Amino acid sequence: IIPRWQEHQPNNQSKPNADIGIIFTNRNWTFGYNGLNLFSLVREEKFRFNNTNILYTAYLHEIDRYLEFRYGINMIQTKNIFQTDIHILSIIKSFDNRLVEIGGFVRSKYEVGFIFGIDLSPSWHIYYNYDYNFSSINTRSIGSHEIMLSYAIRKSYKCRDWYYNF
């Protein structure tokens, strides 16, 4: 559980909230759950963010040592609103290093998107995402643009604990 203090409260009040997440993964499959704003489950207030639950899975299919595909589905619930994302991502790589990621997604029945990412180094990645909505909101919006910068913490392959020192 990650505690989080919400900002922008009236009268300079802070209201605590928390998120929780769990991921199960192996070489090809990923399953996960994220619960956001957990305190909102038990006490709903005007200025507190709504509780959101996200359940997701993805499958990584390796074609050869230079190409992979990732297929996935996300199910999102906020109050009485339910949404589903289905996405496909192709990954072009050099040996074990990912170089470029290109993909798309369909969100519910009114929204589609495109994502493009490149590796800046083995740990740093930059992504561009564009979403377009086909519902009535499209008369006031030309879509949304996102730029994401991510840093991957590399795991140590040597597992050492207190027993290792004996």
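Note that this is a predicted model, so its numbers are computed, not measured. Throughout this document, residue positions are counted from 1 along each chain, in the order its sequence is written. Totals for whole chains, interfaces and linings use every residue, but because this is a predicted model, local features are given only for residues with pLDDT of at least 70 and side-chain atom pairs only at 80 or more, for both listing and counting. Think of the side-chain values as coming from all heavy atoms in the structure, minus any hydrogens and water.

(A) Region of interest: a nonpolar patch on the surface. A patch consists of residues exposed above 30% relative accessible area that lack any salt bridge, with like charges linked at up to 9 Å and nonpolar side chains (Val, Leu, Ile, Met, Phe, Trp, Tyr) linked at up to 5 Å. Residue burial considers only the protein chains on display, and all accessible areas are found by Shrake-Rupley using a 1.4 Å probe. The term salt bridge refers to a pairing of a side-chain nitrogen on Lys or Arg with a carboxyl oxygen on Asp or Glu at a separation within 4 Å. On the surface, Ile 92, Ile 102, Phe 114, Phe 116, Ile 118, Leu 120, Trp 124, Leu 149, Tyr 151 and Ile 153 cluster together into a nonpolar patch covering about 970 Å² of accessible area. Secondary structure follows DSSP: runs of H or I at least 4 residues long count as helices, runs of E at least 2 residues long count as strands, and numbering of each begins at the N terminus. Elements supplying a minimum of two residues to the nonpolar patch: β8 (111-119) and β10 (144-151). When residues of the nonpolar patch are assigned to their parent elements, the largest contribution, three residues, is made by β8. With respect to the helices and strands, Phe 114 occurs in strand β8.

(B) Here's a closer look at the environment of Asn 28. With respect to the helices, strands and loops of the structure, Asn 28 is situated in the loop between β2 (15-25) and β3 (29-36). With a relative accessible area of 29%, Asn 28 lands in the partly exposed category. The criterion used for residue contact is that any of the two residues' heavy atoms lie within 4.5 Å. Setting aside residues no more than four positions away along its own chain, Asn 28 makes contact with Ala 58, Tyr 59 and Leu 60. Here a polar contact is taken to be a pair of N or O atoms separated by no more than 3.5 Å, where protein atoms must pair a possible hydrogen donor with a possible acceptor and residues adjacent in sequence count only if both atoms sit in side chains. Looking at Asn 28, its side chain comes within polar contact range of the main-chain oxygen of Leu 60, at 2.7 Å. Each residue's exposure class comes from its accessible area (1.4 Å probe, protein chains only) as a fraction of the maximum for that residue type: buried when under 20%, exposed when over 50%, partly exposed otherwise.

(C) Representation of the pairing of strand β9 (residues 124-133). Inspection of the sheet shows β8 paired to β9 by nine bridges, in the antiparallel sense. Paired with Glu 111 across the bridge in β9 is Asn 133. Here β8 folds back onto β9 in antiparallel fashion, the turn holding four residues. Sheet topology places β9 next to β10; eight bridges connect them, and they run antiparallel. Bridge assignment links His 125 to a residue of β10, and that residue is Ser 150. Note: two strands are recorded as paired if DSSP finds a minimum of 2 bridges between them.

(D) Representation of the pattern of salt bridges in the model. All told, the structure shown has five salt bridges when counted by the stated rule. Here Arg 27 makes a salt bridge to Glu 62, at a shortest N to O gap of 2.8 Å. Of the two residues, Arg 27 sits in the loop between β2 and β3 while Glu 62 sits in strand β4 (residues 52-64), which places them 35 residues apart along the sequence. Note that Asp 131 is salt-bridged to Arg 107, the shortest N-O span being 3.1 Å. Of this pair, Asp 131 sits in strand β9 while Arg 107 sits in strand β7 (residues 97-107), and the two are 24 residues apart along the sequence. Note on accessibility: Asp 131 and Arg 107 belong to one class, buried. One network of salt bridges, in which partners are shared, links Asp 85, Arg 107, Glu 111 and Asp 131.

(E) Region of the structure containing the confidence of the model for the protein. Averaged over every residue, the pLDDT of the protein is 77; residues scoring 70 or more account for 73%. As a per-residue measure, pLDDT tells how confident the predictor is, with possible values from 0 to 100. Of all helices and strands in the protein, the one with the weakest mean pLDDT is strand β1 (residues 2-6) (44), whereas β8 scores best (90). A low-confidence stretch, residues 1-12 (pLDDT under 50), is modelled with 28 contacts involving residues beyond four sequence positions or located in other chains. Across residues 159-166, confidence stays below pLDDT 50; counting only partners more than four residues off in sequence or on other chains, it has zero contacts.

(F) A look at the packing of aromatic side chains. To pair, rings of Phe, Tyr and Trp, with the six-membered ring standing in for Trp, must have centres within 6.5 Å; the planes then decide the type, stacked if under 30 degrees apart, edge-to-face if over 60, and tilted in the middle. Summed over the entire model, instances satisfying the criterion amount to five aromatic pairs. Relative to Tyr 71, the ring of Phe 69 lies with its centre 6.4 Å away and its plane at 15 degrees, an arrangement referred to as stacked. Between Trp 124 and Tyr 151, the ring centres sit 4.8 Å apart and the planes meet at 50 degrees, which makes this aromatic pair tilted. Linking Trp 124 in strand β9 with Tyr 151 in strand β10, this pair joins segments that are 27 residues apart in sequence. Pairwise contacts between aromatic rings join Trp 29, Phe 31 and Tyr 59 into one cluster.

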